[in-house]
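Survey of secondary and tertiary structure
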Amino acid sequence: MAQFTRVSRSVGLITLQNPPVNALSAVARQGIVDAVKRALSDPKVKSVVICGQNGIFCGGADIKEFGTNITGPPLVPMIHAIEASNKPVVAAIEGSAFGGGLELALGCHYRVAHSKAKLGLTEVTLGLLPAAGGTQRLPRLIGVPAALNLITTGRHVTAAEALQLGIVDQVTDHNAVDEAVKFALSVAGKSLDARRISTYPCPCPSDVDALFEEVMQKVRQSARGAIAPIACVQAVRAAATLPYSQGMEREQELMATLFTSGQARALQYCFFAQRAVGRWSMPSGARWDTSKPRSIHKAAVIGLGTMGRGIAVALAQTGLSVVAVETQEKQFMEAKKMVSGMMERGAKRHGTAPPLDKITYSQNIQAVADVDLVIEAVFEDMALKEKVFQQLSTICKQGTFLCTNTSALDVDHLASQTRNPELVVGMHFFAPAHVMKLLEVVYGPRSSPQAVATAMQLGKKMGKVSVAVGNCRGFVGNRMLKPYLEQALFLLEEGATPELVDGALEEFGFALGVFKMSDLSGLDVGWKVRKGDGLVEPGLASGPSARIRQGRRYSPLGDLLCEQGRFGQKTGQGWYRYDKPGSRVPRYDPWLHSFLEEYRTQHGIVARRIDQQEVLERCLYALINEGFRILEDGIAAGPEDIDIIYVFGYSWPRHRGGPMFYASMVGLAKVLERLEHYHQAHPDVPYMQPCNLLRRLVASGSPPVHKWKEAIKKLRSQL
Ligand SMILES: CCCCCCCCCCCCC[C@H](O)CC(=O)SCCNC(=O)CCNC(=O)[C@H](O)C(C)(C)COP(=O)(O)OP(=O)(O)OC[C@H]1O[C@@H](n2cnc3c(N)ncnc32)[C@H](O)[C@@H]1OP(=O)(O)O
Ligand SMILES: NC(=O)c1ccc[n+]([C@@H]2O[C@H](COP(=O)([O-])OP(=O)(O)OC[C@H]3O[C@@H](n4cnc5c(N)ncnc54)[C@H](O)[C@@H]3O)[C@@H](O)[C@H]2O)c1
């Protein structure tokens, strides 16, 4: 709803009241329509201010309404009525003005923003475009290039940038509503002819065709198959080339296509899933709302390699005091330099001072005695980690949380090395740890709810999207990755090429295909793990047993490359070749192709034609099947947790909503049927056997993804 009051005798103050973000729900829109009518018909009111309650202007249209039958007054005529008013209307922007919220403000004649406010046309991130006149008004106000940038990216701008761009008329450090009221008093009675943005000509450069062609090309490249950014460009083009009313028609037409698209559903699902994962629960019944975190002021990082450096930076940037421990002299010296450089670059980007004094360095683990929380990031070696946890358990003060950044090892086993296993959790960051948004918080059977709550809260403070998951080999993300990687290798054996497999995955929307990604991460990482698992047998053995290990189909292709010293980008050769070690541009490698042919000959494999669909089905459905097992095992509480892990940690294309959402869009029956097909063709690949949970969900009528949690609970209770 919206409240109307008269303030300073002649200013009509309309306050949006729809907690928590004053979204423009049907009731809120009706409230605004009524309040505006009242303000315009009240002769004592000479000017109007629109603001939002609780320090937030407006979070845009009510996204929860989108999947429903929308009722209430539509936004476009509501905003037109405000713009057409003969009394000046001033938007008082505090907190956020996003999407429809900013469009509402653009319909006002003036905008006053608090210096801490953020503004943006964020619709593209939800698979939509600003369809309440945003694509037509913003370019008229700030010009085509700047509007294109904001609308196609959905980026948030600060009040200062908004002022510079000309989106707002005034920025204040004081109470924005009070300032807006003063502003409204000062403009009462003045002509509004030059204040209605829809009447402005659209300022655009002379070579408008060339500009749009260039932008369209750029957007297509970065959109990776997402349709909303393209529609955004088309709508802004309409603003630049058509009169306002025709531009509005085009905006509505394009929105109609996006509004019902699968991509919009996927992106809106991600929006809510990202928030839902914060409401974590454990199989023990412990939950986010009943578990109290402890405040962390001082933390330690053990091991300053690739991960430890990034974690130390992220902790210091959060404002914590950090003790950084590294035992190897060379690594120690190098890490100190690198960490300072990372903080300086970060600070430069944000226009702040680097928090260099937040970190103290030591080569002695005794230095961590007084910290509240430790994150261990030494080599992925259980014996070494055991020793470190034993040491930490005796050195640290009572109550210190002991966390491990292990990628796959048993968190519970590490906990058993300590005096207080309830204080141990996994904090699995992703590389580079100061950049990547995902954090898996791994609880073992003995982790206390407080330890989980503390790690989750710390992750949030660090700006991470934190997901609580159970303890198993590889947790959620890496466990699901294994079948995906293996299928890619099997496809090579059967006749595919790295270019074909990567091409299919990139067309699906991944930034990098599986082989390019493996080259980037380093092929030696997986090799070491496979060696540890007793899977690697040196030399190019032939015969059927060469491709069977531990009773299952196995592809030694990755091991053979590593034996040749081909570790990927770092050595200049992997599944592709690179101009020199460390170069990033993958190139076709004739050696690799002859190697694959030779390999197939040696193993008596006749290469067959493999199409993109098979690549997608085998790689993605294998991964999804493992996702169902993870749900069945209770390692993830719901599909949202898995999807958020994949979107934020593994570059799963957000407009596909994550693997489990994708499975629901494809149709569970179809996924089941294809898994059955591939499992019949390859019975020696056990993880292709459809998971029981998937079968049961299909048998129960394939409920939509938001009902899975409930369905799983019900299925469990029937067991
Ligand atoms: C068949 C043919 C049909 C043709 C066309 C039909 C046309 C329909 C009319 C459309 C007109 C277009 C209007 C407009 O252009 C479209 C939009 O405005 S889309 C919405 C744009 N807004 C956003 O992108 C902002 C989203 N929100 C945020 O970024 C943040 O929430 C925030 C505002 C910055 C606040 O952040 P925080 O303080 O951290 O809080 P949370 O994020 O945790 O949110 C708290 C709580 O609120 C829920 N929520 C937030 N925003 C919205 C919203 N816009 N609608 C509904 N709910 C919202 C959020 O989910 C949290 O709740 P929880 O999920 O935890 O229960
Ligand atoms: N690299 C990744 O992409 C990645 C991603 C997520 C998790 N991880 C996990 O993070 C951990 C660290 O991985 P990394 O890639 O940073 O390894 P790394 O080899 O780059 O660094 C490990 C560092 O630990 C130091 N170290 C070893 N023993 C030590 C000790 N007793 N005390 C202090 N320092 C010690 C080493 O000298 C080295 O500098 C591993 O468990 C790994 O599985 C890695």
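Scroll up a little and you will see the structure.
Keep in mind it's a predicted model, so treat the numbers as computed, not measured.

Conventions adopted
- Residues numbered from 1 in each chain as written.
- Chains lettered and ligands numbered in written order.
- Predicted model: local features only at pLDDT ≥ 70, side-chain atom pairs only at ≥ 80, totals over all residues.
- Heavy atoms only, no water.
- Near = heavy atom within 4 Å.
- Polar contact = N/O pair within 3.5 Å; in protein donor to acceptor, adjacent residues only side chain to side chain.
- Areas by Shrake-Rupley, 256 points an atom, 1.4 Å probe, with all protein chains shown as cover.
- Pairing = 2+ DSSP bridges.
- Helix = DSSP H or I, 4+ residues; strand = E, 2+ residues; numbered from the N terminus.
- Contact = heavy atoms within 4.5 Å.
- Axes fitted to C-alpha atoms, helices over the stretch in contact; angles between N-to-C directions.
- Phe/Tyr/Trp six-rings, centres within 6.5 Å; stacked < 30°, edge-to-face > 60°.
- Buried < 20%, exposed > 50% of the residue type's maximum accessible area, 1.4 Å probe, protein only.
- Lys NZ or Arg CZ within 6 Å of the ring centre and 35° of its normal.
- Salt bridge = Lys/Arg side-chain N within 4 Å of Asp/Glu carboxyl O.
- Expected span 1.5 Å × (residues − 1).

Section: the site of ligand 2
- As a structural note, the neighbourhood of ligand 2 is formed by 24 residues, with Glu326, Gln331, Glu380, Lys385 and Ser407 the closest of them.
- Contacts to ligand 2 include Gln331, whose side-chain N or O atom sits 2.7 Å from an oxygen atom.
- The side chain of Asn405 places a nitrogen or oxygen atom 2.9 Å from an oxygen atom of ligand 2.
- For ligand 2, the protein covers 81% of the area, taking 830 Å² as the surface of the free molecule.

Remarks on the sheet that holds strand 7 (residues 118–120)
- Taken together, the three strands give an open sheet; going across it, the order is 5-7-8, and neighbouring strands pair in mixed fashion. With one partner strand each, in any of the chains shown, strand 5 (96–98) and strand 8 (157–158) form the two edges of the open sheet.
- Relative to strand 8, strand 7 is paired through two bridges, and the arrangement is antiparallel. Looking at strand 8, one finds that Leu119 is bridged to Val157.
- Together, strand 5 and strand 7 form the strand contacts of helix 3 (residues 100–107), whose direction differs from that of strand 5 by roughly 90°.

Notes on the packing of aromatic side chains
- Counting across every chain of the model gives 17 aromatic pairs.
- Measuring from centroid to centroid gives 5.0 Å for Tyr110 and Phe183, while their planes differ by 55°, and the two rings are tilted. In this pair, Tyr110 sits in strand 6 (residues 110–114) while Phe183 sits in helix 7 (residues 176–187), placing the two residues 73 residues apart along the sequence. Across this residue pair, the class does not change: Tyr110 and Phe183 are buried.
- Centroid distance Phe628 to Trp708: 5.2 Å. Interplanar angle 40°. Geometry classified as tilted. Note that Phe628 is positioned in helix 23 (residues 612–632) and Trp708 in helix 28 (residues 708–718), a separation of 80 residues in sequence.
- Residue class for Phe628 comes out buried when judged on its relative accessible area of 0%.
- Members of the aromatic cluster, each reached through a chain of ring pairs, are Tyr484, Phe508, Phe510, Trp652 and Tyr662.
- Against the face of Phe490 rests Arg553, its NZ or CZ located 4.0 Å from the ring centre.

Quick word on the sheet that holds strand 4 (residues 89–93)
- Within the open sheet, the six strands sit side by side as 1-2-3-4-6-9. Their pairing is mixed. Of all the strands in the sheet, the pair left with one neighbour each is strand 1 (2–7) and strand 9 (170–172). When the angles between neighbouring strand axes are averaged without regard to direction, this sheet yields 20°.
- Of the strand pairs in this sheet, strand 2 (residues 11–16) and strand 3 (residues 47–52) are connected by six bridges, and their pairing is parallel. The residue bridging Val11 from the neighbouring strand is Ser47, located in strand 3.

Considering the pattern of salt bridges
- Applying the stated criterion across every chain, the model contains 35 salt bridges.
- Here Glu626 ties to Arg629 by a salt bridge, and the two come within 3.4 Å at their closest N and O atoms. Here Arg629 and Glu626 lie together in helix 23, a separation of three residues that amounts to about one turn. Of the two residues, Glu626 and Arg629, both sit in the buried class.
- Three or more residues joined by partner-sharing salt bridges are found here, namely Glu493, Glu494, Arg547, Arg553, Arg608, Glu614 and Arg618.

Details of helix 16 (residues 449–461)
- With 13 residues, helix 16 ought to run about 18 Å at 1.5 Å a step, and its terminal C-alpha atoms sit 18 Å apart, in line with that.
- Listing the buried residues of helix 16 in full gives Ala451, Val452, Ala453, Thr454, Ala455, Met456, Leu458 and Gly459.
- Buried positions along helix 16 lie against helix 12 (306–317), strand 13 (373–376), strand 14 (401–404), strand 15 (424–429), strand 16 (438–443) and strand 17 (465–470).
- Phi turns positive, to about 80°, at Gly463, one or two residues after helix 16.

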